[in-house]
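Residues per chain are reported as follows:
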Amino acid sequence: MNIDLAGKVAIVTGAGRGIGREIALTLAQEGVITVITDINEALLTDMGKEFTAKGLKGSQYVCDVRDATQIQQVIDQIVERYGHIDILVNNAGVASGAPIDVLAEEIWDLNLDINLKGTFLMCKAVAPVMKKQQSGRIMNAASFAAIVPSYGSAAYASSKAGVEQFTRVLAGELGPWNIAVNCYAPGMIPTDMNHFADLQEPQQQRLLDTLTFRHWGKKDDVAHLICFLASDYAGYITGTMIDISGGKLATQIPRVAYEKAASEGAYEF
Ligand SMILES: NC(=O)c1ccc[n+]([C@@H]2O[C@H](COP(=O)([O-])OP(=O)(O)OC[C@H]3O[C@@H](n4cnc5c(N)ncnc54)[C@H](O)[C@@H]3O)[C@@H](O)[C@H]2O)c1
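The protein chain has the name Short-chain dehydrogenase in an unreviewed UniProt entry, where Paenibacillus marchantiophytorum is given as its organism. In its Sequence similarities (unreviewed entry) section, UniProt records this for the protein chain: "Belongs to the short-chain dehydrogenases/reductases (SDR) family."

Here is the structure:
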């Protein structure tokens, strides 16, 4: 199986760091002309240097996914420069929150605006280009929080549940144009968004206790999924959410199996 993505054009939002950075680098290493966008110019500049050092093809644009005007300008420039857009990865996101009694309206708006409205605005701008081509792949970052939210995550979890349903609606609308729209639920991957790797050991263990594969996910786990979804091998997949969370949604108390495995000498806590 050879995933051939060479010559395709991709846009990755929020590509300055974390999972988005890994997705962008991996696509570019597969020969994809990769347009990296982020709200943070310093992160983008750093990423641009890495692209140049590695001889990767692409370009970079500072772009806030909440700003429809800015998005349209970027999309117009990409189309003028490359002529087509084959892959859109709506990775940009924030995660903040608090229990309902102290959840500020600003925090609610921030999560909904970036995670859900940002995804909508990017898709709205790219859809006409993909429709004209009669082809395209859109992947939206959802989260396991869309299904099993944690305490105090009303804003974030609601935004990601919205992304999941938006993905289905868009898949239905764009199917006739041969455009696949899917979302994915990553987790639990230590990044600057969650600082999992910096938690005290007992707190880390408490989180790992929720996973069927009892270890942190890696950014390249998601990057590889994106490459697959962008490839010809995924041509019949649309309108679904792919769980890439080490089985976070699979088992009620995964620790039971690990305790049994430990009693058989096959696992060490
Ligand atoms: N890390 C995980 O375990 C995990 C779990 C579930 C879902 N996700 C989702 O995966 C995506 C990436 O997460 P991450 O952990 O790499 O986060 P991260 O915070 O490391 O990276 C997010 C990136 O988005 C950019 N960004 C933020 N606001 C933006 C805006 N308005 N416009 C453009 N760019 C903006 C940031 O500058 C940053 O580069 C997010 O959508 C997140 O919700 C991550």
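A surface patch of nonpolar side chains, amounting to about 220 Å² of accessible area, comprises Ile-147, Val-148 and Leu-249. Along the polypeptide, Leu-249 turns up in the loop between strand E7 (241–244) and helix H8 (255–263).

Each strand in a sheet pairs with its neighbour through backbone hydrogen bonds, running either in the same direction (parallel) or in the opposite one (antiparallel). Strand order in this open sheet of seven strands is E3-E2-E1-E4-E5-E6-E7, and the pairing throughout is parallel. Every interior strand has two partners, whereas the edge strands, strand E3 (58–62) and E7, have only one. Ignoring strand direction, the axes of neighbouring strands in this sheet form an average angle of 15°. The strands that helix H3 (residues 68–82) touches are strand E1 (9–12), strand E2 (33–38) and E3; relative to E3, the one it contacts most, it runs at about 165°. Sitting on the sheet, helix H4 (residues 105–133) touches E1, strand E4 (87–90), strand E5 (136–141) and strand E6 (179–186), and the angle it makes with E4 is about 175°.

What counts and how
- Residues numbered from 1 in each chain as written.
- Predicted model: local features only at pLDDT ≥ 70, side-chain atom pairs only at ≥ 80, totals over all residues.
- Heavy atoms only, no water.
- UniProt positions renumbered as here; feature names shortened; annotations may be inferred.
- Patch = residues over 30% accessible without salt bridge, like charges linked within 9 Å, V, L, I, M, F, W, Y side chains within 5 Å.
- Areas by Shrake-Rupley, 256 points an atom, 1.4 Å probe, with all protein chains shown as cover.
- Salt bridge = Lys/Arg side-chain N within 4 Å of Asp/Glu carboxyl O.
- Helix = DSSP H or I, 4+ residues; strand = E, 2+ residues; numbered from the N terminus.
- Pairing = 2+ DSSP bridges.
- Axes fitted to C-alpha atoms, helices over the stretch in contact; angles between N-to-C directions.
- Contact = heavy atoms within 4.5 Å.

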